Amino acid sequence: MNLDNVVIVLDRPGESRNIGAVCRAMANCGIRILRIVGTKKSDIDSDAVYRLAIHAGYIFDKAAYFDTIAEATADCCLAAGTTRRKGRKRKGTLLLPEELVRIAGNATDSEGTNAKAAVIFGNEQAGLTDEEIESCDFGVTIPSSEEFGSFNLSHAVQIVCYELFRAGITPSPNGREAVSRADVGNTVSCILDDLQQIGFFSYCGRDNMAELWTEILSRAALSTDEALLVQKTFDRAASMMTHAPLNHPSAVHAGNKPKEKK
């Protein structure tokens, strides 16, 4: 994976100066893709951004805007949400930045391109909500003093970007083409349809099973061929049980792109 495929996502940023400082932190580490969720460009004080960005204002100029984290990361093969709070609804075991780097290092295709990895940072005051963390594949935390555990937004971005930069992430030698998050969701939908077809669900359970399979397949960092094989395995099993023909087209598509906010 090359650093051009690292996506920094700011969720509901409240301070324009912090956005500028984030741009500078990203530029220090050769990371250029910035996406902003829940805040329109018209609501941001551009002058304040440029004052803190120094010579990294071009990152802000090219930033993309989205309504949700899911839309902002649809073309990414993994999404990691940063948090300092632990809990059952916050991914349980949280990764350290250096552990995230090792996982992100597998997010590559045979040419080291088109397999983006997103790191999401929450609002300065409240961080990411439980629901927003749940929408991510992993939770990431930065160790800090118990007396004062909260990092400034740009400082948190700097630490994570530095770990990515310092690791010198290189393409995986096995030439795997990692599946996107959108394709993981499509594959899970096919699995659930097949399980429903054979009567695995009665009146409830589908949502919990969807969450389970999404987490399993996301952590596995499947290649596109592997994701397709998983889908076809469930399709074939359902067909053998019900003697009904296979009815799922491929759930895995190349080149999924997120839908930008107008």
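Heads up: the structure comes first, above all this text.
Presented here is a report on the structure given in the accompanying data block.

## Some points on the overall build of the chain
For step 1, the next point in the chain: When helices and strands are tallied, the chain shows 10 helices and 6 strands.
For step 2, the next point in the chain: In the chain, buried positions account for 48% of the 262 residues.
For step 3, the next point in the chain: Excluding contacts between residues fewer than 6 apart, the proportion of contacts in the chain whose partners are at least 24 apart in sequence is 83%.
For step 4, the next point in the chain: A total of about 13,600 Å² of accessible surface is found on the chain, and carbon and sulfur atoms cover 52% of it.

## Some words on the pattern of salt bridges
For step 1, the next point in the chain: Tallied over the entire structure, the rule returns 9 salt bridges.
For step 2, the next point in the chain: Its salt-bridge partner being Asp 137, residue Arg 181 comes within 3.1 Å of it at the nearest N-O pair. Taken together, the positions of Arg 181 in helix H8 (residues 181-197) and Asp 137 in the loop between helix H6 (130-134) and strand S6 (138-140) put the pair 44 residues apart, joining distant regions of the chain.
For step 3, the next point in the chain: Looking at Asp 137, the relative accessible area reads 10%, which means it is buried.
For step 4, the next point in the chain: The shortest N-O distance in the salt bridge between Asp 193 and Arg 206 comes to 2.9 Å. A residue pair is termed long-range when its members are at least 10 positions apart, and Asp 193 in helix H8 and Arg 206 in helix H9 (residues 206-220) qualify at 13 residues.
For step 5, the next point in the chain: Through salt bridges with shared partners, a single network forms among Asp 11, Arg 12 and Glu 132.

## Brief notes about the packing of aromatic side chains
The description of two aromatic rings rests on the distance between their centres and on the angle between their planes.
For step 1, the next point in the chain: This model, assessed by the stated rule, comprises 2 aromatic pairs.
For step 2, the next point in the chain: Ring geometry for Tyr 50 and Phe 60: centres 5.8 Å apart, planes at 80°, overall edge-to-face. Highlighted residues: Tyr 50 in helix H2 (residues 46-53) and Phe 60 in helix H3 (residues 57-61), separated in sequence by 10 residues.
For step 3, the next point in the chain: Look at Trp 213 and Phe 234: their rings are 5.4 Å apart centre to centre, the planes differ by 85°, and that puts the pair in the edge-to-face class. In this pair, Trp 213 is assigned in helix H9 and Phe 234 in helix H10 (residues 224-242), connecting sequence segments 21 residues apart.

## Details of the packing of H8 against H10
For step 1, the next point in the chain: Look at H8 against H10: their axes get within 9 Å of each other, and the N-to-C directions meet at 15°. By the criterion of interaxial angle, the relationship of H8 to H10 is roughly parallel. In the crossing of H8 with H10, the sense of the turn from one axis to the other is left-handed. Here Thr 187, Cys 190, Ile 191, Asp 194, Leu 195 and Gln 197 of H8 lie close against H10, whose contacting residues are Ala 227, Val 230, Gln 231, Phe 234, Asp 235, Ala 238 and Thr 242.
For step 2, the next point in the chain: Of the residues contributing to the contact of H8 with H10, the split by class is 7 nonpolar, 4 polar and 2 charged.

## Some words on the pairing of strand S2 (residues 33-37)
For step 1, the next point in the chain: Burial within S2 is extensive, with 4 of its 5 residues counted as buried.
For step 2, the next point in the chain: Note that strand S1 (residues 6-11) and S2 share 5 bridges and pair parallel. Pairing of Ile 8 across the sheet is with Leu 34, part of S2.
For step 3, the next point in the chain: Of the crossover connections in this fold, the one passing from S1 over helix H1 (residues 16-28) to the parallel S2 is right-handed.
For step 4, the next point in the chain: Two elements, S2 and strand S3 (residues 64-66), share 3 bridges in a ladder whose sense is parallel. Bridged to Ile 36 within S3 is Tyr 65.

## Focus: H2
For step 1, the next point in the chain: Within the sequence span of H2, burial applies to Ala 48, Val 49 and Ala 53. Buried residues along H2 cover an arc of 125° about the axis, so they all sit on one side. Exposed and oriented more than 90 degrees from the buried face of H2 are Asp 47 and Arg 51.
For step 2, the next point in the chain: Those residues of H2 that are buried lie in contact with H1 and H3.
For step 3, the next point in the chain: Its side-chain oxygen placed 3.2 Å from the backbone nitrogen of Asp 47, Asp 45 serves as the N-cap of H2.
For step 4, the next point in the chain: Where H2 ends, the next residue or the one after it, Ile 54, has phi of about 60°, a positive value.

## Topic: the nonpolar core
For step 1, the next point in the chain: In terms of nonpolar packing, the biggest core is built from 39 residues, with Ile 8, Leu 10, Met 26, Ile 31, Leu 34, Phe 121 and Val 157 touching the most fellow members.
For step 2, the next point in the chain: If you tally residues by element for this core, the top one is helix H7 (residues 153-167), at 6 residues.
For step 3, the next point in the chain: Ranked by size, the runner-up nonpolar core spans 14 residues in total, among them Val 7, Val 9, Ile 69 and Cys 76.

## Some remarks on unusual backbone geometry
For step 1, the next point in the chain: Of note, the phi angle at Arg 12 is positive, near 55°, even though the residue is not glycine.
For step 2, the next point in the chain: Looking at the element boundaries, Arg 12 is found in the loop between S1 and H1.
For step 3, the next point in the chain: One non-glycine residue, Ile 54, lies in positive phi territory at about 60°.
For step 4, the next point in the chain: Relative to the helices and strands, Ile 54 is located in the loop between H2 and H3.
For step 5, the next point in the chain: Residue classification places Ile 54 among the partly exposed residues on the basis of a relative accessible area of 45%.

Conventions and cut-offs
- Residues numbered from 1 in each chain as written.
- Predicted model: local features only at pLDDT ≥ 70, side-chain atom pairs only at ≥ 80, totals over all residues.
- Heavy atoms only, no water.
- Helix = DSSP H or I, 4+ residues; strand = E, 2+ residues; numbered from the N terminus.
- Buried < 20%, exposed > 50% of the residue type's maximum accessible area, 1.4 Å probe, protein only.
- Contact = heavy atoms within 4.5 Å.
- Areas by Shrake-Rupley, 256 points an atom, 1.4 Å probe, with all protein chains shown as cover.
- Salt bridge = Lys/Arg side-chain N within 4 Å of Asp/Glu carboxyl O.
- Phe/Tyr/Trp six-rings, centres within 6.5 Å; stacked < 30°, edge-to-face > 60°.
- Axes fitted to C-alpha atoms, helices over the stretch in contact; angles between N-to-C directions.
- Parallel < 35°, antiparallel > 145°, perpendicular 65-115°, else oblique.
- Left-handed = near helix turned anticlockwise from the far one by under 90°.
- Nonpolar A, V, L, I, M, F, W, Y, C, P; charged D, E, K, R; others polar.
- Pairing = 2+ DSSP bridges.
- Right-handed = clockwise from strand over helix to strand, strands pointing away.
- Arc of directions from axis to C-beta.
- Polar contact = N/O pair within 3.5 Å; in protein donor to acceptor, adjacent residues only side chain to side chain.
- Core = buried A, V, L, I, M, F, W, Y, C linked by side-chain atoms within 4.5 Å.

On their own, these measurements won't tell you what the molecule is for.
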